[in-house]
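The chain contents come next:
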Amino acid sequence: LRDPSAHVLATDVSATAVTSARATVLANGVADRVDVVQNVGLASRADASASLIILNPPFHDGAAINNDLAPELFADAARVLAPGGQLWTVWNSHLQYRGALSRLVGPTEQVARNVKFTVARSVRER
């Protein structure tokens, strides 16, 4: 948050994760610029209202492996991104989400990858 005018919305469905994130925000003195809310994805955000979204989609639902949530989060990000907005996504490399990102958000390029994680940037065209 080097830009003093930047405002961040952080969301997680987990109450524990939200509590932890709020404590981190307070400890780092950025509570005036970061809102942390318990929510599924970006349900509280208006269409085309963000220029940048950073996402690390879960692939577990409790103890069960569940890959269904990621495409829903990608579609939600596409809805909230303004034209030209960017979605930066990190995921476990074995999941291979690039095709879904390209289809749901827009052109997607791999920025970094190792055996464990992949980072990609998708741009919302329309």
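No experiment lies behind these values; they were computed from the predicted model shown.

**Q** Mind showing me how you'd approach the overall build of the protein here?
**A** The helix and strand tally for the protein stands at three helices and eight strands. Ordered by position in the sequence, the α and β elements of the protein form the string β-α-β-β-β-β-α-β-α-β-β. Radius of gyration (C-alpha) of the protein: 15 Å, near the 14 Å computed for a compact globule of 126 residues. Here the C-alpha coordinates of the protein stretch approximately 35 × 35 × 25 Å along the principal axes. Within the protein, counting contacts between residues at least 6 apart in sequence, those at least 24 apart form 64% of the total. Carbon and sulfur atoms make up 54% of the accessible area of the protein, which amounts to about 7700 Å² in all. Taking the average location of the 12 positive side-chain charges in the protein and that of its 11 negative ones, the two points are 6 Å from each other.

**Q** Is there a simple way to explain the environment of valine 80 in this structure?
**A** On the secondary structure map, valine 80 appears in helix 2 (residues 69–80). Considering only alpha carbons, one finds valine 80 and arginine 45, 35 residues apart in sequence, at a separation of 6.6 Å.

**Q** I would appreciate a short explanation of helix 2 in the present structure.
**A** Note: α-helices contain 3.6 residues per turn, so residues at a spacing of three or four share the same orientation. With twelve residues, helix 2 ought to run about 16 Å at 1.5 Å a step, and its terminal C-alpha atoms sit 17 Å apart, in line with that. Here the buried face of helix 2 lies against strand 3 (50–55), strand 6 (81–92) and helix 3 (98–104).

**Q** Quick question: what am I supposed to make of the confidence of the model for the protein here?
**A** Low-pLDDT portions of the prediction should not be read for the details of their coordinates. With 94% of its residues at a pLDDT of at least 70, the protein reaches an overall mean of 91. At the level of individual helices and strands, the protein shows its lowest average pLDDT in strand 5 (residues 64–65), which scores 69, and its highest in strand 7 (residues 108–113), which scores 98.

**Q** How should the pairing of strand 1 (residues 8–12) be read in this particular structure?
**A** Side-chain direction in a regular strand flips from residue to residue, so the side chains alternate between the two faces of the sheet. Alignment of strand 1 against strand 2 (residues 34–38), held across five bridges, turns out to be parallel. Directly across from leucine 9, in strand 2, lies its bridge partner aspartate 35. A crossover links strand 1 with its parallel partner strand 2, the connecting element being helix 1 (residues 15–27), and its sense is right-handed.

**Q** How should I be thinking about the nonpolar core in this particular structure?
**A** Generally speaking, nonpolar side chains in soluble globular proteins are found buried as a group. Counting residues in hydrophobic clusters, the biggest one holds 20 residues, and the most contacted among them are Ile53, Phe74, Leu87, Trp91, Tyr97, Leu101 and Val105. Listing elements by their share of this core, those giving two or more residues are strand 3, helix 2, strand 6 and helix 3. Each residue touching isoleucine 53, except ones within four places of it in the same chain, is listed here: Leu42, Ala77, Val80, Leu81, Gln86, Leu87 and Trp88. Residues Val18, Val25, Val30 and Val36 belong to the second largest nonpolar core, which totals five residues.

**Q** Which parts of the structure should I look at to understand the pairing of strand 6?
**A** Sheet topology note: the strand 3/strand 6 ladder contains five bridges and is parallel. For isoleucine 53, the partnering residue across the bridge sits in strand 6 and is leucine 87. Relative to strand 8 (residues 117–123), strand 6 runs antiparallel, the two sharing seven bridges. Across the sheet, tryptophan 91 pairs through a bridge with threonine 118, a residue of strand 8.

**Q** Just checking my understanding: could you explain the pattern of salt bridges for this structure?
**A** Side-chain pairing between opposite charges can occur once the charged atoms of the two side chains come close. Taken as a whole and judged by the stated rule, the model has three salt bridges. A salt bridge links arginine 79 to aspartate 76, with the nearest nitrogen and oxygen atoms 2.9 Å apart. Linking arginine 79 with aspartate 76, this pair stays in helix 2, spanning three residues, or about one helical turn. Judged by its relative accessible area of 27%, arginine 79 is partly exposed.

What counts as what
- Counting restarts for each chain, with residues numbered from 1 along the sequence as it is written.
- In keeping with the model being predicted, local features are shown solely for residues with a pLDDT of at least 70 and side-chain atom pairs are shown and tallied solely at 80 or more, while totals for entire chains, interfaces and linings include all residues.
- Computation of side-chain values: all heavy atoms of the structure, hydrogens and water removed.
- To qualify as a helix, a DSSP run of H or I must reach at least 4 residues; to qualify as a strand, a run of E must reach at least 2; elements of each kind are numbered from the N terminus.
- The globule rule is 2.2 Å times the number of residues to the power 0.38, and the radius of gyration it is compared with is taken over C-alpha atoms.
- We call two residues contacting when some pair of their heavy atoms lies within 4.5 Å.
- For every accessible area listed, the method is Shrake-Rupley and the probe measures 1.4 Å; residues are considered covered only by the protein chains on display.
- In this count, Lys and Arg are taken as positive residues and Asp and Glu as negative ones, while His and the chain termini are left out.
- Charge placement uses NZ in Lys and CZ in Arg. For Asp and Glu, CG and CD serve respectively.
- To estimate the expected span of a helix, count its residues, drop one, and scale the result by 1.5 Å.
- Here pLDDT means the predictor's own confidence in every residue, given as a number from 0 to 100.
- We treat two strands as partners when DSSP finds at least two bridges between them.
- Handedness of a crossover is defined as follows: with both strands directed away from the viewer, a clockwise route from the first strand across the helix to the second makes it right-handed.
- By nonpolar core we mean a set of buried residues, namely Ala, Val, Leu, Ile, Met, Phe, Trp, Tyr and Cys, connected to one another through side-chain atoms within 4.5 Å.
- Burial classes follow relative accessibility: with a 1.4 Å probe on protein chains only, a residue under 20% of its type's maximum area counts as buried, one over 50% as exposed, and anything between as partly exposed.
- What makes a salt bridge here is a side-chain nitrogen of Lys or Arg within 4 Å of a carboxyl oxygen of Asp or Glu, nothing more.

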